[in-house]
Amino acid sequence: MGRYIVKRVLLAIVTILAICAITFFLMHAVPGGPFNREKALSQATIDALNARYNLDKPLFTQFIMYMKGLLRGDFGVSLKNGREISAIIGESFPISARLGLMAMLVALICGTVFGSLAALTRNKLPDRVIVFFSTLFTAVPSFVLATLLLLVFCIRLGWVPVWDANSTNYILPVISLSAYPMAYITRLSKTSMLDALGQDYVRTARAKGVSKTKLIFKHALRNSLIPVITYAGPQIAYIITGSMVVETIFTIGGMGGKFVSAINNRDYTLIMATTIFLASLMVVATLVCDLLYKVVDPRIQYD
Amino acid sequence: MENNSVPKKRPFSLQLDLSKFEPATEEEKRQQDVMSKSTTFFRDGMRRLLKNPLAVASLIVLLLVIATIVIAPMIVPYGYEEILSVNGRRDKGAKNLTPFEYSTAEKKYIAQGNSRFPHIFGTDEQCRDYFIRVVYGARVSLFVGFFASIIVLIIGMLIGSISGYVGGRVDLIIMRIVDIIYSLPDMLMVILLSVVLKEVLTFKTGSVLASLGTNMISMFIVFGALYWVGMCRLIRGQILSIRENDYVLAAKSIGAGSARIIRKHILPNCLSVIIISTALQIPSAIFTESYLSFIGLGVSAPMPSLGSLANAARQGLQSYPYKLIFPAAAICLIVLSLNLLGDGMRDAFDPKLRR
């Protein structure tokens, strides 16, 4: 167990380092320095700016300095508006995190409920309806769903006000973010629930007269949740990706929206910082989920 | 028979009384013949696939889509970047027409006794026929999905078979690299690479690569660089188990080389797994492409893709919602039928993989 944890943590650290290196060197491969503006600057100004931001040093030294800055939580400044990137992340990340967590919770809860329901009513009407919708929603990209929801509920019906900076109405973004993972978790938990219901211990429990509710909740459901946990870790990646377009569509000032606008503005330092931040977050989330998985299911081999 | 009339040596022995048996007739002997005709792997899989109504339905839908995107550009007289004109003059009234609507100039033109091809999906804000744009968008999406999967397949197969077959230190190094790439958040890396490659790549104008456009090339590079790891792991695992089989040992003992063993013995045996995961890779590549196009990193400007069409439709969402509906429905239809077909193929070609 200990060896496994050490191995996984080391792999995660190497991955994060790789992400930082890839991001840094790729971004510096882009032609044109950060001070290429429409208005040409004098050579002296450029030299002064390069010296100020250490851009005159060799690339590798710059990388080391950047990494040192990262360790102190210093992501540098945005190329476009000169703001501290750590401040930008500090104000936009909580919004994204709240949105993502809500979507994740909705997906997990509804997914397991629908999946179990489908497994319990196998080949009957509820099962067929659930399977139909879960298959359908795995084929709908979140940006399509988000735009359609915006069109129908905000513009046509006017039930939900269009999002503005102070709004706390997360219904539509959460629905559009959680639809795909919910559909996937539904399919996943249906198969694992069917699997659990066919196990010997469930038959034994039924034979000794355990009530149906207790059988489902205590014996079958708990065991069927294990694959869902493994899925939840990498799913965070999907939520973050999806939230980029969803935040852009609903004009939410979260990290996803910031990332997309940084791409459109070619704000390289912001792209770099956001990538490193989000990527490290995903790696850590996956790691935690994997370790948790081993704790929940002691049958898993540690190698 | 006298043999049977012999009294049993031991009371409990199983000595058969042959007089109770009679020889089989010719007809009865024939019943023992093998009932089903021998089939090949492919034919057997296809038979099972064609029994699955969902898979057949999605196959038909896909064939229809492919037929449409092949035939439509030949029938529809408009180009995907052609700004509509009547009698050689630019038709300024043909902006944002609803499906099957004609502009004033076109109505006059028809009233003069000429025929004009209808705008099945209307036109966009730059006076271009929207139907042909959606058709080309679907073309681009399917093209990207298909070729990306092929690239992933080739790279993954090559590295995976080397890693699995050679083993030892080579395998160890390759697997560590695979582990790291596997734990990279793919979408972020895809976005990052697309941003950079879009700036870095330049091609000579007029070459084949240039006509594809930098964005398309960078998308293929990105897919090739990141998504091969899944295929590589899969093939390595397959090879590790197949390598231990006796027929591989037999081939080795009569002096077959590694390349021949991989080609002739190992790859055909993991063919089903390869086909299935390639088939399931296509819709996910289409998904990724439409995301990239949606955030403006997909195919280059005049060339439409379903994702960029959906993105462009957001501008006039309130007045022209059908401009979103058509490309969105196309993405959903294509991805849905590819998913269902892939699932059907998984069930038909490899029952072991069924979940």
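Residues numbered from 1 in each chain as written. Chains lettered and ligands numbered in written order. Predicted model: local features only at pLDDT ≥ 70, side-chain atom pairs only at ≥ 80, totals over all residues.

Trainee: Could you clarify how one ought to interpret the overall build of chain A in this entry?
Mentor: Along its length, chain A carries 12 helices and zero strands. Listing the helices and strands of chain A from first to last along the sequence gives α-α-α-α-α-α-α-α-α-α-α-α. With respect to the three principal axes, the spread of C-alpha positions in chain A is 85 × 60 × 30 Å. Looking at chain A as a whole, 37% of its 303 residues are labelled buried. (Helix = DSSP H or I, 4+ residues; strand = E, 2+ residues; numbered from the N terminus. Buried ≥ 20, exposed ≤ 12 C-beta atoms within 10 Å, placed from the backbone.)

Trainee: Quick question: what am I supposed to make of the overall build of chain B here?
Mentor: Assigned secondary structure in chain B consists of 16 helices and two strands. Here chain B holds 355 residues, and 37% of them are scored as buried. For chain B, the share of sequence-separated contacts (at least 6 apart) that also reach a separation of at least 24 residues comes to 68%. (Contact = placed C-beta atoms within 7 Å.)

Trainee: Would you explain the domain arrangement of chain B in this entry?
Mentor: In many analyses, interface size is given as the accessible surface area lost on bringing the parts together. Residue and element names in this part refer to chain B. When cut into domains, chain B gives domain 1 (83-127) and domain 2 (143-353). Each of domain 1 and domain 2 has a C-alpha centre, and the two are 41 Å apart. Each partner contributes residues to the interface: domain 1 has six residues there, and domain 2 has five residues. Classifying every residue of the side of domain 1 that touches domain 2 gives two nonpolar, two polar and two charged. (Domains from an automatic or database assignment. Nonpolar A, V, L, I, M, F, W, Y, C, P; charged D, E, K, R; others polar.)

Trainee: Explain the environment of proline 173 of chain A here, please?
Mentor: Residue and element names in this part refer to chain A. The topology assignment puts proline 173 in helix H7 (residues 171-197). What makes proline 173 buried here is the crowd of 26 C-beta atoms within 10 Å. The sequence separation of proline 173 and isoleucine 240 amounts to 67 residues, and the corresponding C-alpha distance is 12 Å. In contact with proline 173, other than residues within four places in its own chain, are Leu99, Val246, Phe250 and Ile252.

Trainee: Explain helix H4 (residues 85-120) of chain A to me, please; I cannot follow it from the model alone.
Mentor: Turn by turn, an α-helix covers 3.6 residues, leaving residues three or four places apart pointing in a common direction. Its 36 residues place the ends of H4 of chain A 50 Å apart at the C-alpha level, agreeing with the 52 Å of an ideal helix rising 1.5 Å per residue. Its axis deflected by about 30° at serine 92 of chain A, H4 of chain A carries its strongest bend there, up to four residues before the proline proline 94 of chain A. (Expected span 1.5 Å × (residues − 1). Bend = angle between axes of the 7 residues up to and from the residue.)

Trainee: Can you help me understand the packing of helix H6 (residues 130-166) of chain B against helix H7 (residues 168-183) of chain B in this one?
Mentor: Helix-helix packing is characterised by the crossing angle of the two axes and by the distance between the axes. All names here are of chain B. Where H6 contacts H7, the axes come no closer than 7 Å and their chain directions differ by 140°. Between H6 and H7, the interaxial angle falls into the category oblique. The hand of the H6/H7 crossing is left-handed. Where H6 approaches H7, its residues Ile159, Ile162, Ser163 and Val166 are matched on the opposing element by Gly168, Val170, Asp171, Ile174 and Met175. (Axes fitted to C-alpha atoms, helices over the stretch in contact; angles between N-to-C directions. Parallel < 35°, antiparallel > 145°, perpendicular 65-115°, else oblique. Left-handed = near helix turned anticlockwise from the far one by under 90°.)

Trainee: Would you mind going over the interface of chain B and chain A with me for this structure?
Mentor: Listed by partner, the interface residues are 34 residues for chain B and 37 residues for chain A. Residue composition of the side of chain B that touches chain A, grouped by class: 25 nonpolar, five polar and four charged.

Trainee: What is the right way to look at the nonpolar core in this model?
Mentor: When a protein is soluble and globular, its nonpolar side chains tend to lie buried together. Ala146, Val245 and Ile263 of chain A together with Val134, Ile295 and Ala310 of chain B are the most contacted members of the largest nonpolar core, which totals 134 residues. Of the residues forming this core, the biggest block, 14 residues, is contributed by H6 of chain B. Apart from residues lying up to four places away in sequence, isoleucine 263 of chain A is in contact with Ile271 of chain A together with Ile191, Val195, Ile295 and Leu297 of chain B. Residues Phe114, Ala119, Met193 and Ala220 of chain A belong to the second largest nonpolar core, which totals 10 residues. (Core = buried A, V, L, I, M, F, W, Y, C linked by C-beta atoms within 7 Å.)

Trainee: Looking at this model, I keep getting lost on the environment of alanine 146 of chain A. Mind explaining?
Mentor: For alanine 146 of chain A, the location among the structural elements is in helix H6 (residues 142-156). When near neighbours in sequence (up to four residues on either side) are disregarded, alanine 146 of chain A contacts Ser176, Val245, Val246, Ile249 and Phe250 of chain A.

Trainee: I keep staring at unusual backbone geometry and nothing clicks. Help me out?
Mentor: Most peptide bonds take the trans configuration, and most residues that are not glycine carry a negative phi. Residues and elements named next belong to chain A. Although it is not a glycine, asparagine 123 sits at a positive phi angle of roughly 65°. Its place among the elements puts asparagine 123 in the loop between H4 and helix H5 (125-137). In this structure asparagine 123 comes out as exposed when scored by C-beta crowding, with 8 C-beta atoms within 10 Å.

Trainee: Explanation requested: the confidence of the model for chain B in the structure shown.
Mentor: Any segment with low pLDDT has predicted coordinates that should not be analysed in fine detail. Residue and element names in this part refer to chain B. On average, residues of chain B carry a pLDDT of 79, and 88% of them reach 70 or more. Mean pLDDT across the secondary structure elements of chain B bottoms out at helix H1 (residues 2-5), with 53, and peaks at helix H12 (residues 246-253), with 90. As scored by the predictor, the complex reaches a pTM of 0.78 and an ipTM of 0.76. (pLDDT = per-residue confidence, 0-100.)

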